[in-house]
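Close look at the chain arrangement
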Amino acid sequence: MTASEPEINNPYLPLLLPIAEIIEETRDIKTFRLRGNSIFSYLPGQFAEVFVPGRGEAPFSITSSPTDGEILEFSIKRIGTVTTALHRMNQGEEIGVRGPYGNGFPIEELKNHNLLFVGGGIGLAPLRSLINYVLSPQHRGEFGEIFILYGARSPEDLVFKWELGKWEEREDLHLLVTVDRGDSSWRGRVGLVPQVLKEEVKIKAEEWKSIVCGPPIMIKFTIKSLLEMGFSPSQIITTLEMKMKCGLGKCGRCNIGPFYVCQEGPVFSYEVLQNLPEEY
Amino acid sequence: MRKAMNEGLIAKEKWWEWVEDKKDRVFLTERAKSRYGKWFPREVKVVKNGKEILLPPGEEVYRYFWTGEKWKIEEGEISASSAFLFSLPCEARAIIEVTDKIFLNNPIDKNYWLRRKSLSLGIMACLQPEPTCFCSSVGGGPFWRDEGALFLVPREDDIYIQGEGELFSFSEGVEEKIKEEIQALQKKAESVLPSLLPSYFPQELYRYFEDEEWNELSWHCINCGACTFLCPTCYCFDLNVEGKLKGFQLRSWDSCMFPKFTLHASFHNPRPTGKERVRQRVMHKFSYFPEREGNFACVGCGVCVEKCPVNWDIREAIERMVEKIDRFRT
Amino acid sequence: MFEKEIRRKSEELLETKTVDMVIGYTSGSLPFQARPVLISSPEDTEQLVWNHFSSPNLARYLLPYRDSSKKIALLAKGCDARAVMVLIQEKQFPRERVHIIGLPCPGMISKTKLEKELGEIKEEDFSFEKDTFLWQGKKWEIFPFLEDTCSRCRYPNPPLYDELIGEKREPWGSSSTDYLEKMNGQSKEERWQFWEEELSRCIRCYACRNACPLCYCKECFAESDLPRWVSGVPTLSDNLFFHLGRSMHLAGRCVECGACERACPEEIKIGLLPLKVEMIIKNNFSFEAGLSLEEDAPLLTYRETDPGEFIK
């Protein structure tokens, strides 16, 4: 044992951050805006393990962009123990965050390309991190045309409704929002995302890259549509939802093929995904 | 190119002097005890394998409590005083070539690191492999040794040692005759063991993921966790929070054999039946881990084969897949 | 020991398409061990064996086929057939879909006991008969080498079968013997010491639970997160909670096959716990599970004649 040994930190220790704001997106989805911390710096597409003291810990993708300043946002659907406990919390309370984990989106590869974002339901959350990064003043010039196709089951289920309006106003992107089922006040498009994609997004596939996220079945059919439109597997990027615990590539839960989703993922190109066992 | 390792001979009396002095800090694995128990005082602590010491079945990762106004998080206390673990080569290899690679890298797991740096390994040669042993087929061997550890071959009245360790401070030189004797013992032990798996095995096995052979292979496994808990290399764990206003994050052993291992909160389960889980265990040990780290995540100790309640034999699974691969390989 | 007859009968059942598959035993990869096997074609019936090491309870292998339409022939020892009966009563498997090939059981031999008494042994040196075996030129009685679970067995003959291969036999165990007498006679401290020692060795691998044909809950209480009854750590208190809980959940249902005890990799005498519970059921309700399709399990039915002294 040498005298000058490095100080090893316990990688499982969470950082406690206060909730600055809670936005109710839908009846079961809330966005938590935490006051960020300069020691927690991340890339779009990464995720963090959120710790609710006394309840548990769960992985959530970071929906804010590093260009948004010192905030950290998570959009969380109420579905189990930890998420229910989170939904009961109030502004000012503290929650633990550790990370960031994962590979994030391949930003260098996406530069100088036109980008087609396809999101379904709460799948827009991880995409939003990259969208706002790309749309930020310091980075907009690095990317070509932007097309955002977003759909949900019904108008009630659309998330980030407050931001969709801002995006719609911008001149440097196309936004198309659709719902599977409209309601009496809905004036927008009605149709399933993979369908609307084929019918309304008329683009020349070679000049574009597509980033997809949503429920597994929507991803499956969206990729099918994209391939029919002429996209090659390496032009399609998605982010996998996987049961994860440690986030450090040690507990074994997210192991799929030779990858640990928490380390080499959760962002994968369809080219790589095709060669992985279908255990996700 | 391995550098030449120190060699030496320890007289029986010197060994006993040393081990009596250290006996409170000596761990012995069950298998090493059954072979070499008479070389150790009765008081030494017996463990199943290195995993029990380095990655205990349950441990606090950190503690938290509510002060009345806010939450506080504290690291648990790990007391790791220097200790020695004497085991067979397979058990030592499980630490050096599998769990060390996972827990000492990317990032370093602090608790494991604290225990590991104060644990010196003593690898005792395996002179008589059991019928369930297959260490040589996965890259190990009955006389496997490592530069950072001490390798011992107890003889009648002395012990041949090789490698690194404080025992070298009172060892004598080794005659050529004895070195030859040791080599002959090694050859004898190796002769009863199967040959090394082909180098193309991890890559080829990956292509047989969808093969129907898995249906037949996995049929009689009852998906308990015996193999994973007794295995010296299986390291999967669970993290759970225990305690409301005051508690800790608990790390406990988990098993890929349990259905809840991959169950999502939405009730979607990518590995819904035993077949997927059995396949995962074999693929992880013989394809995924080797692709990442360069060696199998199985050391061929044979404990799982010995203890399986329904005689599910991982060697048979491997043999069948090798046969299939060789048959269709161009 | 009737291996030829078993193979012939299985072949016949498969050829005539009376059943879609046969579940039985085949020789394992280790000496003194047999393993469960699924046979779907008549030619493969040559793999079937039947000996003193056919230890797992095969009724457990019916469970994955609960929702299928396949008809299954099951090789069943006395205890296995009792377990099938309970599965039928609990509506887990329809009577019409299982064809029980009853095998009066000679008792399973413990490899550990053989090694303890005889030292290093090789399978080819043995010749096993029904109640004796030949080794090193001498004839040995099987009884001292039987697994504990089998030496106390009272029902070696299947109470339910579609056909019987072999001759019905007298049980090794007797109904009047209280196999827990010695333990019941010990003081609380002695009994606690015994269980503390046994259950501290438990690694909570759930081999006992998974080997049991009657532990078929989709989510076992031990795996529940909300509430979390036991943690994943094999501490003595959590182990005690799990095993006592499991034994109570088997009350009035356990057929004392001992598959749990034989499956345990740590060789814990875990079968004694459900045995004790079944003795209590027997004494209070005069009921033993898996002996008659007509009799209802006492904890699943209400009768006005139920003893009520414990409710005050």
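Residues numbered from 1 in each chain as written. Chains lettered and ligands numbered in written order. Predicted model: local features only at pLDDT ≥ 70, side-chain atom pairs only at ≥ 80, totals over all residues.

1. So, the overall build of chain C
Summing up its helical and strand segments, chain C has 10 helices and nine strands in all. Computed over the C-alpha atoms, the radius of gyration of chain C is 20 Å, within 12% of the 20 Å expected from 2.2 N^0.38 for a compact globule of 312 residues. In terms of overall dimensions, chain C has a C-alpha envelope of 60 × 50 × 40 Å along the principal axes. For chain C, restricting intrachain contacts to residue pairs at least 6 apart in sequence, the fraction spanning at least 24 positions comes to 68%. (Helix = DSSP H or I, 4+ residues; strand = E, 2+ residues; numbered from the N terminus. Rg over C-alpha atoms; globule rule 2.2 N^0.38 Å. Contact = placed C-beta atoms within 7 Å.)

2. Concerning the overall build of chain B
Assigned secondary structure in chain B consists of 12 helices and 11 strands. In terms of overall dimensions, chain B is globule-like: its C-alpha atoms have a radius of gyration of 22 Å, near the 20 Å expected for 330 residues. Here the C-alpha coordinates of chain B stretch approximately 65 × 65 × 35 Å along the principal axes. Within chain B, buried positions represent 44% of all 330 residues. (Buried ≥ 20, exposed ≤ 12 C-beta atoms within 10 Å, placed from the backbone.)

3. Here we look at the interface of chain B and chain A
Every contact between the two is made by 42 residues of chain B and, on the other side, 33 residues of chain A. Within the residue set of the side of chain B that touches chain A, elements represented by two or more residues are β4 (58-66), β5 (71-75), α4 (89-103), α5 (110-117), β10 (237-242), β11 (246-253) and α10 (274-293) of chain B. Residue composition of the side of chain B that touches chain A, by class: 23 nonpolar, eight polar and 11 charged. (Nonpolar A, V, L, I, M, F, W, Y, C, P; charged D, E, K, R; others polar.)

4. Focus: the pairing of β10 of chain B
All names here are of chain B. Counting buried positions along β10 gives five out of six residues, so the element sits mostly inside the fold. Sheet topology places β10 next to β11; six bridges connect them, and they run antiparallel. Of the residues in β11, the one forming a bridge with Leu239 is Arg251. What sits between β10 and β11 in their antiparallel hairpin is a turn of three residues, with Gly243 showing a positive phi close to 110 degrees. (Pairing = 2+ DSSP bridges.)

5. Considering the sheet that holds strand β1 (residues 7-11) of chain B
Residue and element names in this part refer to chain B. The mixed open sheet is built from seven strands, whose spatial order is β1-β9-β8-β7-β6-β2-β3. A strand with exactly one partner marks an edge of an open sheet, and here the two such strands are β1 and β3 (45-47). Recorded for the sheet is a direction-independent mean angle of 30 degrees between the axes of neighbouring strands. Examined bridge by bridge, strand β2 (residues 26-29) and β3 share three bridges and lie parallel to one another. Bridging from a neighbouring strand, Thr29 pairs with Val47 of β3. (Axes fitted to C-alpha atoms, helices over the stretch in contact; angles between N-to-C directions.)

6. Focus: the sheet that holds β11 of chain B
Residue and element names in this part refer to chain B. Pairing in this open sheet of four strands is antiparallel, and the strands run β5-β4-β11-β10 from one edge to the other. Looking along the sheet, the strands with just one partner apiece sit at the ends: β5 and β10. Within the sheet, the average angular offset between the axes of one strand and its neighbour, ignoring direction, is 20 degrees. Sheet topology note: the β4/β11 ladder contains seven bridges and is antiparallel.

7. Looking at the nonpolar core
One finds Leu74, Ala76 and Val84 of chain C to be the most contacted residues of the largest nonpolar core, which totals 227 residues. Those residues in contact with Ala76 of chain C that lie beyond four places of it in its chain are Leu58, Ala59, Ala81, Val84, Ile100, Ile101, Gly102, Leu103, Pro158 and Tyr161 of chain C. (Core = buried A, V, L, I, M, F, W, Y, C linked by C-beta atoms within 7 Å.)

8. Section: helix α1 (residues 3-15) of chain C
Since there are 3.6 residues in each turn of an α-helix, residues three or four apart along the chain are aligned in direction. All names here are of chain C. The first and last C-alpha atoms of α1 sit 18 Å apart over 13 residues, in line with the 18 Å expected at 1.5 Å per residue. Buried within α1 are the following residues: Ile6, Arg7, Ser10, Leu13 and Leu14. Viewed end-on, α1 has its buried residues packed into an arc of 130 degrees, placing them on one side of the element. Of the exposed residues in α1, those oriented more than 90 degrees away from the buried face are Lys4 and Glu15. Contacts from the buried residues of α1 go to β1 (21-27), β2 (34-39), β3 (48-49), β4 (72-76) and β5 (98-102). At the C-terminal side of α1, Lys17 shows a positive phi close to 55 degrees. (Expected span 1.5 Å × (residues − 1). Arc of directions from axis to C-beta.)

9. Comments concerning the domain arrangement of chain B
Residues and elements named next belong to chain B. Here chain B is partitioned into domain 1 (7-191) and domain 2 (201-328). A straight line from the C-alpha centre of domain 1 to that of domain 2 covers 25 Å. With 34 residues of domain 1 at the interface, the matching set in domain 2 holds 26 residues. Secondary-structure elements contributing two or more residues to the side of domain 1 that touches domain 2 are α3 (50-54), β4 and α4. Residue composition of the side of domain 1 that touches domain 2, grouped by class: 15 nonpolar, nine polar and 10 charged. (Domains from an automatic or database assignment.)

10. Section: the packing of helix α5 (residues 193-200) of chain A against helix α6 (residues 216-228) of chain A
Residues and elements named next belong to chain A. At a minimum axis separation of 8 Å, α5 and α6 run at an interaxial angle of 15 degrees. Comparing the axis directions of α5 and α6 gives the class roughly parallel. For the crossing formed where α5 meets α6, the hand is right-handed. Along its contact with α5, which presents Val193, Pro194, Leu197 and Lys198, the element α6 presents Met218, Phe221, Thr222, Lys224, Ser225 and Glu228. Split into classes, the residues belonging to the contact of α5 with α6 amount to five nonpolar, two polar and three charged. (Parallel < 35°, antiparallel > 145°, perpendicular 65-115°, else oblique. Left-handed = near helix turned anticlockwise from the far one by under 90°.)

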